[in-house]
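As a plain string of letters, each chain reads:
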Amino acid sequence: MRRGRPSYLENELRISRIIKILVDLQRRKGDILRFSDIHEEFVKAGIVSSIKYRGNTRRILRRLVEKGYLEQVERGKYILKVAPKPFQVAEFIREIREKYREKMIYGWRVGGHLWTLVEGIIFGLPRDIEENSVYKAVLEVLLIRLADIFDAIVKLGITAKISKDVKNAPIPYTTVREFVLNSLPHIIGEYSGIDGDGLPAEDIVKLYKTVLKHIPREVDGQPILIDIIKEYVDVGEKLLNKSINISRLINEALFLSGEDTEVWRKIKELEKIVLVVYPPRHLVDENEDERELYELLRHSIEEGYSEAMLLAHMRVYDEEIVEKVMNYLEPILGKKRKNRLVLLYRLARAGMILDGIVASYLSFKEKKGKLRYTEYGDELERIIEINEFANKTEEEVLSELRRGLEYARRHGYTLEDMIKGVWLSDWSLNIVPGFTHLQNMGSKDTIVFVKESIKETLKAIGIRVPRNYDALVEEGYKLVKELDELLKSDSERVRASLKQHFTKNDTYG
């Protein structure tokens, strides 16, 4: 006898049983559930009568997706939705990126010209926010403090990780410094006041003015910049007179809107700001060099700079990175220009190899027979010179140099390219090979000295000099001169652009 349609209760019990199977499968297989695994479990449990009936499993899964129990993440892959999806900050960031692109991404770093303490990105903060000079000044103070606090937390984390017993681990000096330094604002800003939730801004200004009267101008010989602190407090007081209570304005807008969901949505959108902080990029980003070179080259291409400027950027990066970046940029560069740049890059890299070999040989020649340590100087300054060749025989040194050159040749660098490219070995700093700085050329012409030095080195390590040797050296010299002229022209354009930029900023204050 044929049964009628299953009741609501029967349906719910069946779904409950299926969910139990899927939860058990998730425990064993992980969050992502594959169709083949689900189908197999359904057959074992008798929910689907045969392994042949994959369509039945598909219909069940489609029904579970419609009801909100499952989410299909890829073809044949599902995740359970038996609870609300946890908040994912990565999804939040992706949403901001997709909606606003670069307009709402503010990048920042704290450090000096040649070093970085901390870097970060604020998603949802207007990129042009620094056009407001007050905002810029305030952000500078807040982000520098934030950077130091984050660095202290990083140091604490590193110490905890390397300690065998975290309970008895030592505490880093940097972390203690930040703890002491922030104890005052912590107590004043979070716990003081009538309600125990921190002093209002006006009272903090009064307190700081009182404290400043009693601060010494130095501690243990370390100067305290009291006059600058006073300036900051005075500026803060002036800003208070012009400040607005943004929380109150938002609450008033929500109250007046009543049930208007559009107002609520817009206000919620305003509050979507995510701060991402990380240590210096080179410590955490394995692809930093790749990104850095890409940005440098793309900017240079967009500005219309010559191949010389592009090569000056490229020459210090590893081949693997240059190859990837060149492939990224081929649509912008065009195949012909890309190939030309790769050829120049390989010439420069080949030249660096030969330059290193010649420099080592000339250095060995000069130090041959000398002691490992030679001390010289006067009473005011003593210098110790180390002879790295002291414990090696001449044959050992020459064999090492020969092996280095042969290794380079096996990896695609020809001797001809090395000879021609040697002029690019120290460019763009100098238009002569690096080894020329180690030797006293006397009155010799630079080209003559380069020819003689390379020829002598090759002969010493047993490598035959190419027939067109002189022509290769002269072609390389001509090439570096041409590139250097182009680079000078590009550099003039850069300087002119910077001058115009700063003049404009001075004009508008």
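Above this text sits the structure in question.
Residues numbered from 1 in each chain as written. Predicted model: local features only at pLDDT ≥ 70, side-chain atom pairs only at ≥ 80, totals over all residues. Heavy atoms only, no water.

A. Seen up close, the packing of aromatic side chains. On inspection of all chains with the given rule, the structure shows four aromatic pairs. Note on Phe364 and Phe389: the rings are 5.5 Å apart at their centroids and 75° apart in plane angle, and the pair reads as edge-to-face. Here the residue Phe364 occupies a position in helix α15 (residues 335-367), and Phe389 occupies one in the loop between β10 (382-386) and α16 (394-410), the gap between them amounting to 25 residues. Of the residues examined, Phe389 reaches a relative accessible area of 11% and is grouped as buried. (Phe/Tyr/Trp six-rings, centres within 6.5 Å; stacked < 30°, edge-to-face > 60°. Helix = DSSP H or I, 4+ residues; strand = E, 2+ residues; numbered from the N terminus. Buried < 20%, exposed > 50% of the residue type's maximum accessible area, 1.4 Å probe, protein only.)

B. The sheet that holds strand β4 (residues 105-111), seen in detail. Across the sheet, three strands lie side by side as β4-β5-β8; this open sheet has antiparallel pairing. Each edge of the open sheet is held by one strand with a lone partner, namely β4 and β8 (274-278). Neighbouring strand axes in the sheet, compared pairwise and without regard to direction, differ in orientation by 15° on average. Along the sheet, helix α5 (residues 133-162) makes contact with β4, β5 (116-123) and β8, crossing β4 at roughly 65°. (Pairing = 2+ DSSP bridges. Axes fitted to C-alpha atoms, helices over the stretch in contact; angles between N-to-C directions. Contact = heavy atoms within 4.5 Å.)

C. Region of interest: helix α2 (residues 35-45). Buried within α2 we find Phe35, Asp37, Ile38, His39, Glu41 and Phe42. Looking one or two places after α2, you find Gly46, whose phi comes out positive at around 80°.

D. Focus on a positive patch on the surface. Taken together, the side chains of Arg54, Arg58, Arg59, Arg62 and Arg75 define a basic patch exposed on the protein surface. As for its placement among the helices and strands, Arg59 is situated in helix α3 (residues 54-67). (Patch = residues over 30% accessible without salt bridge, like charges linked within 9 Å, V, L, I, M, F, W, Y side chains within 5 Å. Areas by Shrake-Rupley, 256 points an atom, 1.4 Å probe, with all protein chains shown as cover. Salt bridge = Lys/Arg side-chain N within 4 Å of Asp/Glu carboxyl O. Lys, Arg positive; Asp, Glu negative; His and termini not counted. Charge placed at Lys NZ, Arg CZ, Asp CG, Glu CD.)

E. View of the pattern of salt bridges. Applying the stated criterion across every chain yields a total of 32 salt bridges. With a closest N to O distance of 2.8 Å, Lys155 and Asp151 form a salt bridge. Taken together, the positions of Lys155 and Asp151, both in helix α5 and four residues apart, correspond to about one turn of that helix. With relative accessibility at 32%, the residue Lys155 sits in the partly exposed group. The class of Asp151 is buried, set by a relative accessible area of 12%. One network of salt bridges, with partners in common, ties together Asp24, Arg28, Glu40, Glu41 and Lys44.

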